[in-house]
Every structure is written in structure tokens, then in C-alpha cells.
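# Commentary on secondary and tertiary structure
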Amino acid sequence: MCGIFGYIGVRKDAKDIVLNGLKALEYRGYDSWGVATIDQRISGKEIAIKKKVGKIGNATVSDLPESGMALGHTRWATHGGVSDINAHPHLDCSGKLAIIHNGIIENYDELKKEIIKSGHKLISETDTEVAIHMIEENYKKIGLLEAVRQAFNRFEGLNAIIVMDGLTQTFVAAKSGSPLVIGKGKDENFLASDAHAILPYTNRIYFIEDGEIVSVSSRKISVHSTKDGSQKEVKFNKVGWDINIADKGKFPYFMLKEIFEQPKVIEDIVNNNEKQIEQFSDLIKKSYGTYLIGSGTASYACLAGTYIFSRIAKKHINWAAASEFGYSADFLTPKSFVIALSQSGETIDVIDAVKKAKSHGVKIGALVNVLGSTLYRLSDYKLLLGAGVEKAVVSTKAFSAKLTYLILLASIIAGNKNKAKKELDKVIISLEEILSDAYLIKIKKLVDIIYKFRDIYVIGRGLSYPIALETALKIKEASYIHAEGFAAGELKHGVIALIENGIPCIAFLPNDETYGANLAGAMEMKARGGYIIGISYKPHEVFDYYLPVRDCGLSSIIPLVIVGQLLGYYLSIKRGLDPDKPRNLAKSVTVK
Ligand code: F6R
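Note that the structure is predicted; figures quoted are calculated from it, not measured.

With that out of the way, let us pick up the site of the ligand. Surveying the vicinity of the ligand reveals 15 residues, the closest of which are Ser342, Gln343, Ser344, Thr347 and Glu477. The separation between an oxygen atom of the ligand and a polar side-chain atom of Ser342 is 2.6 Å. Note that an oxygen atom of the ligand is positioned 2.5 Å from one of the side-chain N or O atoms of Thr347. Contact with the protein chains covers 91% of the free accessible surface of the ligand, which is 410 Å². Contributing elements (two or more residues each) for the shell around the ligand: helix H9 (297-313) and helix H16 (464-479). For the shell around the ligand, the element with the most residues is H16, which contributes three residues. The class makeup of the residues in the shell around the ligand is four nonpolar, eight polar and three charged.

Contact geometry for H9 and helix H13 (residues 397-414): axes closest at 9 Å, N-to-C directions at 20°. On the basis of their axis angle, the class for H9 and H13 is roughly parallel. Handedness of the H9/H13 crossing: right-handed. Counting all contacts with H9, which are made through Thr297, Ala298, Tyr300, Ala301, Ala304, Gly305, Ile308, Phe309, Ile312 and Ala313, the residues of H13 involved are Phe399, Lys402, Leu403, Leu406, Ile407, Leu409, Ala410, Ser411, Ile413 and Ala414. Tallied by class, the residues present in the contact of H9 with H13 amount to 16 nonpolar, three polar and one charged.

This part takes up the domain arrangement of the chain. By domain assignment, the chain separates into domain 1 (3-241), domain 2 (245-415) and domain 3 (429-581). Spacing between the C-alpha centres of domain 2 and domain 3 amounts to 25 Å. Between domain 2 and domain 3, the residue contacts involve 29 residues of the former and 33 residues of the latter. Interface area lost by domain 2 to domain 3 is led by Tyr253, Tyr300 and Arg311, which between them contribute 22%. Where domain 2 touches domain 3, the interface holds one salt bridge. Here Glu513 and Arg311 are joined by a salt bridge, their closest N and O atoms 3.6 Å apart. Put simply, domain 2 and domain 3 have eight residue pairs in polar contact (both at pLDDT 80 or more) between them. Those elements that provide at least two residues to the side of domain 2 that touches domain 3 are helix H6 (254-260), helix H7 (262-271), H9 and H13. No other element matches H9, which puts eight residues into the side of domain 2 that touches domain 3. Of the residues in the side of domain 2 that touches domain 3, the class split is 21 nonpolar, seven polar and one charged.

What counts, and at which threshold
- Residues numbered from 1 in each chain as written.
- Predicted model: local features only at pLDDT ≥ 70, side-chain atom pairs only at ≥ 80, totals over all residues.
- Heavy atoms only, no water.
- Near = heavy atom within 4 Å.
- Polar contact = N/O pair within 3.5 Å; in protein donor to acceptor, adjacent residues only side chain to side chain.
- Areas by Shrake-Rupley, 256 points an atom, 1.4 Å probe, with all protein chains shown as cover.
- Helix = DSSP H or I, 4+ residues; strand = E, 2+ residues; numbered from the N terminus.
- Nonpolar A, V, L, I, M, F, W, Y, C, P; charged D, E, K, R; others polar.
- Axes fitted to C-alpha atoms, helices over the stretch in contact; angles between N-to-C directions.
- Parallel < 35°, antiparallel > 145°, perpendicular 65-115°, else oblique.
- Left-handed = near helix turned anticlockwise from the far one by under 90°.
- Contact = heavy atoms within 4.5 Å.
- Domains from an automatic or database assignment.
- Buried area = accessible area lost by both parts, 1.4 Å probe.
- Salt bridge = Lys/Arg side-chain N within 4 Å of Asp/Glu carboxyl O.

Dropping the structure here:
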């Protein structure tokens, strides 16, 4: 959600570096973009800007002047509609200071009144523009760093900003919520909302903490406390990520590439980190109440976790959607253990829930994909998902990584690690079948039959219930078809009223104690005219369309959901959509 990229240094194509940086951040989701660069043709070092609604696509910034300093932003609208004017960067009245912003300034109304009273002219509807005029107000008296610091301290809400000053050739950035990192190069430095965007240039990274304000020029970086301006010692870490994994390779879309990466992700988890997984399972074993929290897809992994721990370890574990957790967290004690599941590690609902839990003295565990993310840093104990960069907005491989970890954690508690490993080996074989050309043809044929429908219903029971929810989410996000996942047992309590002739109904039927009852649900839908798509280890006459999935014991939930992911992907393609960038969605949801 909102991508930020800034460059200052010896190169003269700063604007192109920034545009490429924004492209690397496109996966975060946005509706408009903009780049500002210093116009050295003008004596006063004014700033030249290009801002546009829509995706960057093949756009260039060749119409902007060459210089060694530029700043860019991909905007996901909050304050003010999607328009060129509302896109960032925004300028002060003098045109010499530019700002980009991620977050929401909650007290913007009050600040706006003050600024207008002091004679500043606002041309957009954004809260961001108010911020740059507040900074301009004090800039001449107290300098850039202090002016940004004082203004930032007055913002309510969670925000990250970068201000570009052409006159002093300096960026000042501050953050209280959204992610922001500095990349340190030789005679050049970078700022971005995600380290991956910087890695093509340098791997020396500093993750700016909440409550820090930084001043960055081409040769100097200083980090200060936003509270009192005092300077802090900081250490740049060398990040060892492979930048090539962020390429699409032979695949047309990241979503398909990431679906195909899942066997390797699962294999890596099974074969590595044994010690760490054991230590983590010990914490669960010893806690007085473990709570799994996450948002969206991650929340369905949490729900699956409750079944996994009950079935394998006979242990009761709670779960909650992170956005709801805080409202029912009064029962937490220092003996509780809260485990947050998150791909990005930046989801604001998850971060808020974790902070709330911490305020009760609770220890935090994390299953998180992004090293150095806010969740990673906030947690006391962490297991890195190791799924590699997930670029498609629609999450796939992070989900199966979370399920794999949960299965292993529960199995270690139950003393059944080897059984779980054997099942997960079967999962790998099953995925070879599912990701084969012949299987994909089967899925595409099904898509040809169902892609024009407005609604799709998905049922599961027990462990396949969260899989039904996740499959429905994949279909919704990627193809914009309304898909509803629900517990098969709930069918008769309402949803069955919606089943009409020909409506696609997907039924997950793994080889477990739910098989018979799930089949009954499929039959009930069939009796009302539903077109039954059975995803199961064996065929049945009630299925109008059958997608086989090998029985891998309880771990069957992984291949089952991967069939659901493929359905979402191919429905999206058939409907002419871009599955990597669904409308209105962002990869990392950093505002409430
Ligand atoms: C669905 C999806 C979202 C995310 C959710 C949490 O495909 O991507 O539902 O799962 O926004 O994101 P993370 O895992 O980054 O906390």
C-alpha cells in the first residue's frame, strides 16, 4: 500500500532510478503515481514533477530533467479521490520542497485550518499537502530536520513521510507506522518502503524504527529521535536476499510463478530450521493459552491452525482475525502466547493487535515472511516462512508455508514429527501431479464452464473449512466473481436458499471423518440444481466435474488449497484480468 522511493547521489538519472524503484514496488497496489526531481536548469533548484492516475505501465520520465536527486510515490488513495492533482509528490508554496507520504494524518482538518489561516494555498484534497505547508512554515527559521520533526510530532495516526529539499540536497524522512528503509551506497543513498526495491543497488540496509527521523544526503546519513531530535547510533546490516527471485522468469504472472514455487517452499521448511521449530513448539506447549492472529489469507491459516493443533496435538489453540483481536483481548496474561502470522510483517491490523497483546505483558511469536519487517522486529520469537519474495498481491506460497509450519509445530508437540514429514513428502508428489500440464488443462476446461457465473459457492468441513474460505477468497480477489466459502454444515442454515440451477458449487472432500457429511452437502446442493465440482481423493457420481487430489492424510489441505489457487488464477486470466494486481487491493495493508 503506497510505495515510496528516493534517490540521492552521483548518478544523473535519478528520475529513472526512482521510476524503476516504483515499478519494483508496484506489487503493493496503487491507483496513481508521481516522480519529482530537482530541476538544476533553474537557479533556485526548483522541483519538476510528473504525476499520473493509473498504472505506470510503459510510461517514462524522459520529460523530467536529469539530476542526482529524485523522489517517487505510488498512491493508494485515502484522503481525496484518485486524480493527477491528488497524486504525490506535493509541493510547498515556494516549489522548493516536495513531500511523499504513506498513512493518514488523522487530525488533518485542524492542521489544514491553521495552514490556510497562515496564508498557504492548497491545491489538492490530500492530508499530505497540509504536511508540506506545515514544514514550509518553519523551514526558514529552524532548518529542514527540525521543521519536519516538529510538524511530524503534531500528526496523529500512523505515518511515514519523506521531504525532498533541493536547496540543501537533503531528504528528511520520519515514520511512526508504515515501513521505511535506507539503503547505503558509495556516494549515493536510497530510501524506500521495501528493501527489495533497493537491493539492485546496495544490500546495506537500515530499517527505520517508529519514532525515528533521518536526514539523508549523498554522503551523510544521520538518525535522530523524533521525540527530542537527539542523534542515535545505528548499524547498517548486510541483507542477503537474492534479487533474481523477484523476476517472473518463464511465467506470465507472479501469481502463477509463486503457485509453482510451493513444492520447493514446503521442502525447504521440512528440511531446515528443525531446531528453531522445536524451540517454538516448546513455547506453545508451555503457554497458558496460545492465540493465532492474522488478516485475510493469514487469518484462514490461523483458523486451520486450530484444527491442526486439535487433531494432531490434542491441544486447544485460539484464533482471531487480527483486526478483531484487540476488542476481545482483555483476558490476556503474561503467560499467554500470541503468534502472529503474516507474509509482509507490515499489516497494520496485525501490528496493532501485537502491540495490544504486548501491553498485557504477552510474549509474541511470529510466522513471518519478510525479514526485518515491523512484525519481525516486534516479536520475541520468530520463524521465517522462507517462502521468498511474494510479489503477486494475491497470497499463495506464504499460505502453504504457514500451513506447513503449523503442521510441523503441532506434530512436534505430539511427538509425531516423522509422520508429518512423511505426509508432507506425499504433498510434494501430489503437487507434481497438480502442477502438471494435464492437470492444468483440466482446470482450464472447468474454468471455461464456470467463468461467466456471478456467484460460486465453496464448502468444506473441519480442516477443509478454512480451505473453502481461502479458495473463495482467491476466486474473489483474482477474478472478481463473488465466491462464498462456508462450513458445509451451515448450508441448511441459510446459504442453500441461494443455490439455483447451474450455479457452480465447489466441495472439498478429503479422506477424513468429514467425507460423508461433506458429500451430503454436495448432494443437497445438487438437488437444488447446483453444478458440483468435487475436489477429492476419489471420484463420486454426484460430481459434475471432478478434480482429483491424492490423499496425504491431514496435510491434504495443502494440495487442496493449491487447486483452489489455480482456479482463482485461471478464472482471472479467462476474464481478461491481471491476477498480480487486483483492483482496489494492496499487497501490504498499512492503513486501517
Ligand atoms: C489475500 C491476501 C490478503 C493478505 C492479508 C494479510 O490473497 O493477500 O488477504 O493475506 O492482507 O497480509 P499479510 O500476510 O502480509 O499480513
